[in-house]
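The residues making up each chain are set out below.
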Amino acid sequence: MREHFRMMAAYNEWANRRLYDAAGQLNDTDYRADRGAFFGSVHRTLNHLLVTDRIWLSRFTGSGPTYPSLDLVLHEDLPSLAAARAEEDRRIVEWADGLSEEDLAGTFTYQPVTNPRDITQPLAPALAHLFNHQTHHRGQVHALLTAIGGRDAAPSLDLIVFQRETGIGLS
């Protein structure tokens, strides 16, 4: 299980980098336009993902920033948001690389932002949620990029493409 989560952390970093590169090709109007996604725009959806990843990693590790709301805009411009995203992805990869099977079999306790009460649950399924949540909202951004610029505006984010490019997860 440990190797699976190490692969997912590396994939997450790879997919975010590809998505941010594509978002960087948009003009500012398209980047910020509310196009009906859950968080409205490419900009707000990418900010949401940074907010939630920081919240989850703080819950998992006991350190790092956390926030009282899921729709905060932490960075007003794409370059500073991209730099913060890259740093958070490095943090996730480093943390996942240090996990043991015992860690993954353990539990942790946290309080949800939307309904503050203590919840204790196993770490491995919650970590799977972190990566699934990223995939869910990256898919929304991917759809927005496609709607704005056509099929060529959005990169492939397939896990199998990542595996073929990097060799991670193939053995």
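Residues numbered from 1 in each chain as written. Predicted model: local features only at pLDDT ≥ 70, side-chain atom pairs only at ≥ 80, totals over all residues. Heavy atoms only, no water.

1. Overview of the packing of aromatic side chains
For step 1, the next point in the chain: Scanning the model with the defined rule gives 10 aromatic pairs in all.
For step 2, the next point in the chain: Centre to centre, the rings of Phe108 and Tyr110 are 5.2 Å apart; their planes meet at 15 degrees, and the pair counts as stacked.
For step 3, the next point in the chain: Accessibility expressed as a relative area gives 8% for Phe108, which makes it buried.
For step 4, the next point in the chain: Overall, the relative accessible area of 11% leaves Tyr110 in the buried class.
For step 5, the next point in the chain: Three or more aromatic residues joined by ring pairs form one cluster here, namely Trp56, Phe60, Trp95, Phe108 and Tyr110. (Phe/Tyr/Trp six-rings, centres within 6.5 Å; stacked < 30°, edge-to-face > 60°. Buried < 20%, exposed > 50% of the residue type's maximum accessible area, 1.4 Å probe, protein only.)

2. Details of the pattern of salt bridges
For step 1, the next point in the chain: The final tally for this structure, using the stated rule, is 12 salt bridges.
For step 2, the next point in the chain: Note that Arg85 is salt-bridged to Asp89, the shortest N-O span being 2.7 Å. Remark: Asp89 and Arg85 occur in helix H4 (residues 78-97); sequence separation between them is 4 residues, near one turn of the helix. The pair formed by Arg85 and Asp89 is uniform in burial state, with each residue classed as buried.
For step 3, the next point in the chain: One connected set of salt bridges, linked through shared partners, spans Arg2, Glu3, Arg6 and Asp97. (Salt bridge = Lys/Arg side-chain N within 4 Å of Asp/Glu carboxyl O. Helix = DSSP H or I, 4+ residues; strand = E, 2+ residues; numbered from the N terminus.)

3. Considering the pairing of strand E1 (residues 107-110)
For step 1, the next point in the chain: Residues Phe108 and Tyr110 line the buried face of E1, whereas the alternating positions Thr107 and Thr109 sit on a face that is not buried.
For step 2, the next point in the chain: For E1 and strand E2 (residues 119-122), the ladder comprises 4 bridges, and the chain directions are antiparallel. Pairing of Thr109 across the sheet is with Thr120, part of E2. (Pairing = 2+ DSSP bridges.)

4. Some words on the side chain of Asp89
For step 1, the next point in the chain: For Asp89, a relative accessible area of 3% corresponds to the buried category.
For step 2, the next point in the chain: Here Asn16 takes part through its side chain, which lies 3.1 Å from a polar atom of the side chain of Asp89. (Polar contact = N/O pair within 3.5 Å; in protein donor to acceptor, adjacent residues only side chain to side chain.)

Don't take any of this as a statement about function, it's just geometry.
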